[in-house]
Amino acid sequence: MSIESVKAHFKQWNREVDVMEFETSSATVDQAAETIGVLPARIAKTLSFRGSEEIAILIVAAGDAKVDNKKFRQRFGFKPRMLSSDEVLEQTGHAIGGVCPFGLKNDLEVYLDVSMQRFETLFPACGSTNSAIQLTKDELFQYSSAIEWVNVCKGWEEDQGLSIVSQQLEV
């Protein structure tokens with residue numbers, strides 16, 4: 001099971017007990033936000049793209065961000081093409097709705113989008129359609145073995161002021 005590979009991944013930091021499993025679905029950004037009780041932007045969604053070779057690359061971005069084709073092409077040198085659901089499962093070992101950069105089936109390149117840097121903590125999935133874990137930005141970078149922070153998304157900048165105010169209200 002996919003969630004088991006994620007828990008095994010987190011065991012090296014004694015964080016496997018922090019993986020939350022829910023009675024309700026957290027498969028989409030909106031479902032996860034509602035289930036956890038946070039802004040959708042604080043959900044760290046993992047997007048799977050065809051890499052320059054046969055191996056996928058993963059982009060983890062804030063829940064309110066969308067991939068900007070031009071920025072992606074400038075950064076990676078090829079057009080962003082998302083994987084099919086079968087390809088996602090084959091490459092990551094996780095089904096859509098639970099895809100995360102942890103406990104991966106293959107050794108994939110992981111990049112974190114700057115859209116998440118406005119939050120102290122985020123909530124990525126944990127390999128199933130009803131799981132998540134709360135991580136700081138630094139923990140997300142470390143535990144995902146991310147290569148670097150990239151700027152390949154759009155649509156979140158306009159809401160930056162609102163998100164900061166909302167985050168302050170949550171504290």
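Here goes a summary of the coordinates provided. (Residues numbered from 1 in each chain as written. Predicted model: local features only at pLDDT ≥ 70, side-chain atom pairs only at ≥ 80, totals over all residues. Heavy atoms only, no water.)

### A word on the pairing of strand 6 (residues 121-124)
Burial along strand 6 is two-sided: Thr-121 and Phe-123 and Leu-122 and Pro-124, pointing in opposite directions, are all buried. Two strands pair when backbone bridges link them, and strand 2 (residues 43-50) and strand 6 are joined in this way by two bridges, in the parallel orientation. The residue bridging Ile-43 from the neighbouring strand is Phe-123, located in strand 6. (Buried < 20%, exposed > 50% of the residue type's maximum accessible area, 1.4 Å probe, protein only. Helix = DSSP H or I, 4+ residues; strand = E, 2+ residues; numbered from the N terminus. Pairing = 2+ DSSP bridges.)

### What about the nonpolar core?
Counting residues in hydrophobic clusters, the biggest one holds 27 residues, and the most contacted among them are Phe-10, Val-60, Phe-102, Leu-112, Met-116, Leu-135 and Leu-140. Per element, the largest residue contribution to this core is four residues, and it comes from strand 3 (residues 56-62). The next biggest cluster of nonpolar side chains, apart from the first, holds 16 residues, and it includes Phe-49, Ile-57, Ile-59 and Tyr-111. (Core = buried A, V, L, I, M, F, W, Y, C linked by side-chain atoms within 4.5 Å.)

### Observations concerning the layout of surface pockets
Leftover empty space is mapped by rolling, across the atoms, a probe with the size of a water molecule. In this structure, the largest pocket spans a volume of roughly 340 Å³. Every residue lining the largest pocket is counted, 24 residues in all, and those nearest its centre are Ala-27, Lys-45, Thr-46, Gly-97 and Val-99. Elements with a contribution of two residues or more to the lining of the largest pocket: helix 2 (29-36), strand 2, strand 6 and strand 7 (131-132). Broken down by class, the residue content of the lining of the largest pocket amounts to 16 nonpolar, seven polar and one charged. (1 Å grid on protein atoms, 1.4 Å probe; cavity = no way out; pocket = protein on both sides within 12 Å on 5 of 7 lines; lining within 4 Å. Points joined across faces, edges and corners; volume = space filled by probe spheres on them. Nonpolar A, V, L, I, M, F, W, Y, C, P; charged D, E, K, R; others polar.)

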